[in-house]
Amino acid sequence: MDVIFTRRSVRRYKKQVVEQEKIEKLLKAGMQAPSAANQQPWEFIVVQKQENLDKLAGISAYSKMVADAPLAIVLVGNEDRMRLQLHWEQDMAAATQNILLEAAHLGLGAVWLGVAPIKERMDYISELYGLKKRLKPFCVISIGYPEEGQENKFVDRYDPDRVHNETY
Ligand SMILES: Cc1cc2nc3c(=O)[nH]c(=O)nc-3n(C[C@H](O)[C@H](O)[C@H](O)COP(=O)(O)O)c2cc1C
């Protein structure tokens, strides 16, 4: 699967709208992820309006690119959907990675912006959308067509020293 190797965090985008069909594919990829006991705790807020992207960019000093992106997806874990009340962050991370890989596959660029478990970032999003307590903001993905020179590309990270055969 080439996109596993070529996906990069893309933080600068063309002024080009992401097509609705592609947004649906990103969401489908997210919802296809594995989850503990198949609890699928995820919900997604799709953000495309400039004023809302501007507000979302205020999560942290490291999220400013959202204001210049045509699209962001906020991933939220819903406690009412959690059968285990456990592992929800792993479930959400799997959904996030699926979306990042699908974005690369569709010729888009994206970056994962960390929210949970940092309380002030979670509170920022909860207040922005008036989320009830049982909805847990997990992360934001900033998405768009990569600006020239910002495209996904392979970086070799394979390190045989990290591999331990049979024993450590
Ligand atoms: C949990 C998590 C939180 C992250 N938060 C941010 C962030 O707030 N801002 C940002 O620009 N990149 C963020 N990133 C992206 C990482 O900086 C990036 O994945 C890393 O530098 C490796 O680069 P690559 O994605 O191009 O392989 C985050 C990634 C993860 C997995």
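Okay, so let's go over this structure.

**Considering the overall build of the protein chain**
At step 1: For the protein chain, the count of helices and strands is five helices and four strands.
At step 2: The helix and strand sequence of the protein chain, counted from the amino end, reads α-α-β-α-β-α-β-α-β.
At step 3: Against the 2.2 N^0.38 benchmark of 15 Å for 168 residues, the protein chain shows a C-alpha radius of gyration of 16 Å, consistent with a compact globule.
At step 4: For the protein chain, the proportion of its 168 residues judged to be buried stands at 32%.

**Topic: the site of the ligand**
At step 1: Inspection of the region around the ligand gives Arg 8, Ser 9, Arg 11, Ser 60, Tyr 62, Ser 63, Val 111, Trp 112, Leu 113 and Gly 114 as its neighbouring residues.
At step 2: Of the residues contributing to the shell around the ligand, the split by class is four nonpolar, four polar and two charged.

**So, the nonpolar core**
At step 1: Core analysis: the biggest nonpolar cluster contains 36 residues, and Ala 72, Leu 75, Val 140, Ile 141 and Ile 143 have the highest contact counts within it.
At step 2: Those elements that provide at least two residues to this core are strand 1 (42–47), strand 2 (71–78), helix 4 (88–105), strand 3 (109–114) and strand 4 (135–144).
At step 3: Residue contributions to this core peak at seven residues, all from helix 4.
At step 4: Filtering out sequence-adjacent residues up to four positions away, Val 140 remains in contact with Leu 56, Ile 59, Ser 63, Val 66, Ala 72, Val 74, Leu 113 and Val 115.

**Observations regarding helix 4**
At step 1: With 18 residues, helix 4 extends 26 Å from end C-alpha to end C-alpha; this agrees with the ideal 26 Å at 1.5 Å per step.
At step 2: Along helix 4, the positions that sit buried rather than exposed are Trp 88, Asp 91, Met 92, Ala 95, Thr 96, Ile 99, Leu 100, Glu 102, Ala 103 and Ala 104.
At step 3: Looking at the buried positions of helix 4, the neighbouring elements they touch are helix 1 (2–6), helix 2 (20–31), strand 1, strand 2, strand 3 and strand 4.
At step 4: Phi turns positive, to about 85 degrees, at Gly 107, one or two residues after helix 4.

**Topic: the environment of Asp 2**
At step 1: One can find Asp 2 in helix 1.
At step 2: Using a count of 10 C-beta atoms within 10 Å as the deciding quantity, one classes Asp 2 as exposed.
At step 3: Between the C-alpha atoms of Asp 2 and Ala 104, which are 102 residues apart in sequence, the distance is 9.5 Å.

**Observations regarding unusual backbone geometry**
At step 1: The linkage connecting Ala 116 with the following residue, Pro 117, adopts the cis geometry, with an omega of 5 degrees.
At step 2: With phi around 55 degrees, Asn 38 is a residue other than glycine that occupies positive phi space.

**Brief notes about the packing of helix 2 against helix 4**
At step 1: Direction vectors running N to C along helix 2 and helix 4 enclose 145 degrees, while the axes themselves pass 7 Å from each other. Crossing angle aside, the handedness with which helix 2 passes helix 4 is right-handed. Judged by residue contacts, Lys 25, Leu 26, Ala 29 and Gly 30 of helix 2 engage Ala 95, Asn 98, Ile 99, Glu 102 and Ala 103 from helix 4.
At step 2: Grouping the constituent residues of the contact of helix 2 with helix 4 by class yields five nonpolar, two polar and two charged.

What counts as what
Residues numbered from 1 in each chain as written. Predicted model: local features only at pLDDT ≥ 70, side-chain atom pairs only at ≥ 80, totals over all residues. Helix = DSSP H or I, 4+ residues; strand = E, 2+ residues; numbered from the N terminus. Rg over C-alpha atoms; globule rule 2.2 N^0.38 Å. Buried ≥ 20, exposed ≤ 12 C-beta atoms within 10 Å, placed from the backbone. Near = placed C-beta within 6 Å. Nonpolar A, V, L, I, M, F, W, Y, C, P; charged D, E, K, R; others polar. Core = buried A, V, L, I, M, F, W, Y, C linked by C-beta atoms within 7 Å. Contact = placed C-beta atoms within 7 Å. Expected span 1.5 Å × (residues − 1). Axes fitted to C-alpha atoms, helices over the stretch in contact; angles between N-to-C directions. Left-handed = near helix turned anticlockwise from the far one by under 90°.

Spatial relationships are all this shows, so hold off on functional conclusions.
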